[in-house]
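Coordinates in review
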Amino acid sequence: MDKVAKTEAGTTRTAPASPLTERQEARRRRILHATAQLASRGGFDAVQMREVAESSQVALGTLYRYFPSKIHLLVATMQDQLEHMHGTLRKKPPAGETAAERVAETLMRAFRALQREPHLADAMVRALTFADRSVSPEVDQVSRQTTAIILDAMGLTDPSPDQLSAVRVIEHTWHSALITWLSGRASIAQVKIDIETVCRLIDLTGEGRERQP
């Protein structure tokens, strides 16, 4: 059954049930691509639902069925961008000797990818910051994707509770570093120091020192 959601205008619409059909998935990808292009050119304010609908060649009502608001749309775009980064990172894994070094290298590579698209990065991070409880599923997907990227760099498939706790703190620091850099309150050099510092938490778990088979 389709789930009910409210649009920015306050009217009730239904979101498509999952899993999506091949045609629905293709439409969703067009929407996310159009959103990323608009945000890359003009940042958060450039992403307007009507313009996204026109750019992705879908009806405005259809867009709202997929994404009930601009915030939902931009957070989903962030998850999509992280998923793409994850695929790129897997093709060229980090080369550090310890898990902490590999995670720090991975997160800095992801950071630099966002640095190349500052308007897009700002739009996505602002949306993540503004997100309320209605956007929890999309925010959770961003968190899960970030966790997957970190665990891959650690070489883990079955992390311990201590390792997951360390990963959560690393995630929070990485997102905070994005915010402080985007607001001009931290340099790239400072971000690198902060990321490398927090990644040392992995060594404190006692299990993150060696890559798992």
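Rules of the game
- Residues numbered from 1 in each chain as written.
- Predicted model: local features only at pLDDT ≥ 70, side-chain atom pairs only at ≥ 80, totals over all residues.
- Heavy atoms only, no water.
- Helix = DSSP H or I, 4+ residues; strand = E, 2+ residues; numbered from the N terminus.
- Areas by Shrake-Rupley, 256 points an atom, 1.4 Å probe, with all protein chains shown as cover.
- Core = buried A, V, L, I, M, F, W, Y, C linked by side-chain atoms within 4.5 Å.
- Buried < 20%, exposed > 50% of the residue type's maximum accessible area, 1.4 Å probe, protein only.
- Contact = heavy atoms within 4.5 Å.
- pLDDT = per-residue confidence, 0-100.
- Axes fitted to C-alpha atoms, helices over the stretch in contact; angles between N-to-C directions.
- Parallel < 35°, antiparallel > 145°, perpendicular 65-115°, else oblique.
- Left-handed = near helix turned anticlockwise from the far one by under 90°.
- Nonpolar A, V, L, I, M, F, W, Y, C, P; charged D, E, K, R; others polar.
- Salt bridge = Lys/Arg side-chain N within 4 Å of Asp/Glu carboxyl O.
- Phe/Tyr/Trp six-rings, centres within 6.5 Å; stacked < 30°, edge-to-face > 60°.

1. A word on the overall build of the protein
- A count of helices and strands for the protein gives 10 helices and two strands.
- When the helices and strands of the protein are read in sequence order from the N terminus, they spell out β-β-α-α-α-α-α-α-α-α-α-α.
- Accessible surface, the protein: about 11,400 Å² in total, of which carbon and sulfur atoms supply 50%.

2. Topic: the nonpolar core
- One finds V103, M154, W174 and C199 to be the most contacted residues of the largest nonpolar core, which totals 60 residues.
- The contacts of C199, once residues within four sequence positions are left out, are A100, V103, A104, L107 and I170.

3. Things to note about unusual backbone geometry
- With phi around 60 degrees, Q57 is a residue other than glycine that occupies positive phi space.
- Residue position: Q57 is located in the loop between α2 (49-56) and α3 (60-66).
- Q57 gets classed as exposed once you look at its relative accessible area, which sits at 68%.

4. A look at the confidence of the model for the protein
- In this model, the protein carries an average pLDDT of 88, and 88% of its residues clear a pLDDT of 70 or more.
- Model confidence for the protein, summarised as mean pLDDT per element, is weakest for strand β2 (residues 12-15) at 39 and strongest for α2 at 97.
- In the predicted structure, residues 1-16 sits below a pLDDT of 50 and forms 33 contacts with residues beyond four places in sequence or in another chain.
- Contacts from residues 208-213, a stretch scored under 50 in pLDDT, to residues over four places away or in other chains number 18 contacts.

5. Description of the packing of helix α5 (residues 99-115) against helix α9 (residues 188-199)
- It is at 9 Å that the axes of α5 and α9 come closest, and there the two elements cross at 150 degrees. Taken as axis vectors, α5 and α9 run roughly antiparallel relative to one another. For the element pair α5 and α9, the recorded crossing hand is right-handed. Taking contact as the criterion, the partners of A100, V103, A104, L107, M108, F111, R112 and Q115 in α5 are, on α9, I188, V191, K192, I195, E196 and C199.
- A breakdown of the residues in the contact of α5 with α9 according to their chemical character gives 10 nonpolar, one polar and three charged.

6. Things to note about the pattern of salt bridges
- Applying the stated rule across the entire model yields six salt bridges.
- R29 is the salt-bridge partner of E25, the closest N and O atoms lying 3.9 Å from each other. Here R29 and E25 lie together in helix α1 (residues 22-42), a separation of four residues that amounts to about one turn.
- Since its relative accessible area comes to 29%, E25 is described here as partly exposed.
- Across the salt bridge formed by R126 and D122, the nearest N and O atoms sit 3.8 Å from each other. Here R126 and its partner D122 are both found in helix α6 (residues 118-130), four residues apart, which amounts to about one turn of the helix.
- By relative accessible area, which is 23% here, D122 ends up partly exposed.
- Via salt bridges that share partners, E25, R29 and D80 belong to a single interconnected network.

7. Describing the packing of aromatic side chains
- Under the criterion given, the structure shown has two aromatic pairs.
- Ring centres 5.7 Å apart and planes at 80 degrees place the aromatic pair F44 and F130 in the edge-to-face group. One end of the pair, F44, is in the loop between α1 and α2; the other, F130, is in helix α6, with 86 residues separating them in the sequence.
- Of the residues examined, F44 reaches a relative accessible area of 10% and is grouped as buried.
- A relative accessible area of 47% means that F130 is categorised as partly exposed.
- Measuring from ring centre to ring centre gives 5.3 Å for F111 and W181, while their planes differ by 65 degrees; the resulting arrangement is edge-to-face. With F111 in helix α5 and W181 in helix α8 (residues 161-182), the pair connects residues that are 70 residues apart, well separated along the chain.
- When its relative accessible area of 0% is taken as the criterion, F111 is described as buried.
- The class for W181 is buried, based on a relative accessible area of 16%.

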